[in-house]
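Examining the three-dimensional arrangement
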Amino acid sequence: MTWLHGLEHICQFDVPLARHTWYRLGGPARWFFTPRSQDELARLLDRCTTHQIPWRMLGRGANLLVRDCGFDGAVIRLAGPFWNAVRFDPPLLHAAAGIDLPRLVKQTIQRGLSGLETLAGIPGTLGGAVRMNAGGRHGCLAQFVKQVHLLDLAAQPQTRAPEQMHFTYRGCRLDGCVVTGLTLELPDGDPPTLMARFKQILDDRRRTQPPLSARTAGCIFKNPPGQAAGRLIDLAGLKGRRCGQAEVSTRHANFIIAHPGATTQDVLDLISLVRERVRSQTGIELELEVEIW
Ligand code: EPU
């Protein structure tokens, strides 16, 4: 009996992760799971713990760089009806972790619930958005979180208050727990006003950043306190700098574009080059925002 006995129906083998990342880069996942319910997810996590199988949660792969060798473990994706459930109970909103963040943002605007319009143009799942505390200059997800529902290390359901999540700039403390859903609290708003704000934020992004269709992972580095990473990289003269087929965006220097034929190693080499150059010119150590598997 193998470790995945009874879970075969939700498992695929050697699935290229390039298919699942915005970058369209990265080697295969040894096991690729799509649990259809919380019970199935709990069983899977429990099994991974018992058999010491390394695992990772995959959202839309929008902030993710997977190495060319892939991931020698279990990759878990929350897809299907159970993980896309949403229930409106104004001012509360209950949503499962697999839902597409941009879709949820649009639904809240249409229903006259305010807050999430500030997340315009951020791709990903809701679970991924919690993990990264998704946001930008106009706000971040943590501001609207009332409760986080998760499975803990023992694969038991838990509900946490936002204070227990220790949300920070582009992060929170999950300590090996898996987000299964969220309760958000969203004050009333006027749909046309919310839509206008949404469009304005989207326009700003379109003006200053590469398009969402470009092969990037959003911003590569976090902004150091009081600084903008894009500005530091730009001032270091690195716009347009290439390693192989990876290039520092000429529009926004904190984005690295993967051109056709690029490998993850090209992107990693360019990340190292940028870090070294910024360190030697400013003494500032840039910290990664993008997740690397
Ligand atoms: N700048 C340059 N050169 C560049 C890019 C930027 O000089 O190539 C300057 C800008 O002129 C501006 C400053 O750097 O003075 C900051 O740039 P920007 O306004 O574009 O914002 P950012 O700090 O680079 C942050 C988030 C983005 C988010 C935007 C808008 C981080 C690391 N980045 O960018 O988030 O979209 O604000 O809200 O926090 C992401 O997280 O993946 C991401 C793209």
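This one's a predicted model, so the numbers in the text were calculated from it and none came from an experiment. (Residues numbered from 1 in each chain as written. Predicted model: local features only at pLDDT ≥ 70, side-chain atom pairs only at ≥ 80, totals over all residues. Heavy atoms only, no water.)

Of the regular secondary structure elements, the protein holds seven helices and 16 strands. For 293 residues, the compact-globule estimate of 2.2 N^0.38 gives 19 Å, and the protein sits close to it at 19 Å. Burial status across the protein gives 51% buried among its 293 residues. Across the protein, contacts joining residues at least 24 apart in sequence account for 64% of those joining residues at least 6 apart. Only carbon and sulfur atoms are counted for the fraction: they give 50% of the accessible area of the protein, which is about 13700 Å². (Helix = DSSP H or I, 4+ residues; strand = E, 2+ residues; numbered from the N terminus. Rg over C-alpha atoms; globule rule 2.2 N^0.38 Å. Buried < 20%, exposed > 50% of the residue type's maximum accessible area, 1.4 Å probe, protein only. Contact = heavy atoms within 4.5 Å. Areas by Shrake-Rupley, 256 points an atom, 1.4 Å probe, with all protein chains shown as cover.)

Core analysis: the biggest nonpolar cluster contains 58 residues, and Trp3, Phe33, Leu116, Leu141 and Leu184 have the highest contact counts within it. When residues of this core are assigned to their parent elements, the largest contribution, five residues, is made by helix α1 (residues 38–50). Beyond its immediate sequence surroundings of up to four residues, Leu116 is in contact with Leu104, Val105, Thr108, Leu141, Phe144, Leu184 and Leu186. Grouped together as the second largest cluster of nonpolar side chains are 28 residues, Ile233, Val278, Leu286 and Val290 included. (Core = buried A, V, L, I, M, F, W, Y, C linked by side-chain atoms within 4.5 Å.)

Looking at the ligand, there are 20 residues lining it, with Arg137, Tyr169, Asn223, Asp234 and Glu289 nearest. Within the backbone of Ala253, one N or O atom sits 2.8 Å away from an oxygen atom of the ligand. Surface burial for the ligand is 77%, taken as the share of its 830 Å² of free accessible area covered by protein chains. When residues in the shell around the ligand are grouped by element, the largest group, three residues, is from helix α6 (residues 229–235). Looking at the shell around the ligand, its residues break down into six nonpolar, seven polar and seven charged. Residues from two domains meet in the shell around the ligand; each of domain 2 (84–195) and domain 3 (229–292) gives at least three. (Near = heavy atom within 4 Å. Polar contact = N/O pair within 3.5 Å; in protein donor to acceptor, adjacent residues only side chain to side chain. Nonpolar A, V, L, I, M, F, W, Y, C, P; charged D, E, K, R; others polar. Domains from an automatic or database assignment.)

Domain annotation of the protein identifies domain 1 (8–77), domain 2 (84–195) and domain 3 (229–292). Relative placement of domain 1 and domain 2: their C-alpha centres are 22 Å apart. At the boundary of domain 1 and domain 2, one finds one salt bridge. Going through the elements one at a time, α1 and β3 (55–58) are the ones with two or more residues in the side of domain 1 that touches domain 2. The element best represented in the side of domain 1 that touches domain 2 is α1, accounting for six residues. (Salt bridge = Lys/Arg side-chain N within 4 Å of Asp/Glu carboxyl O.)

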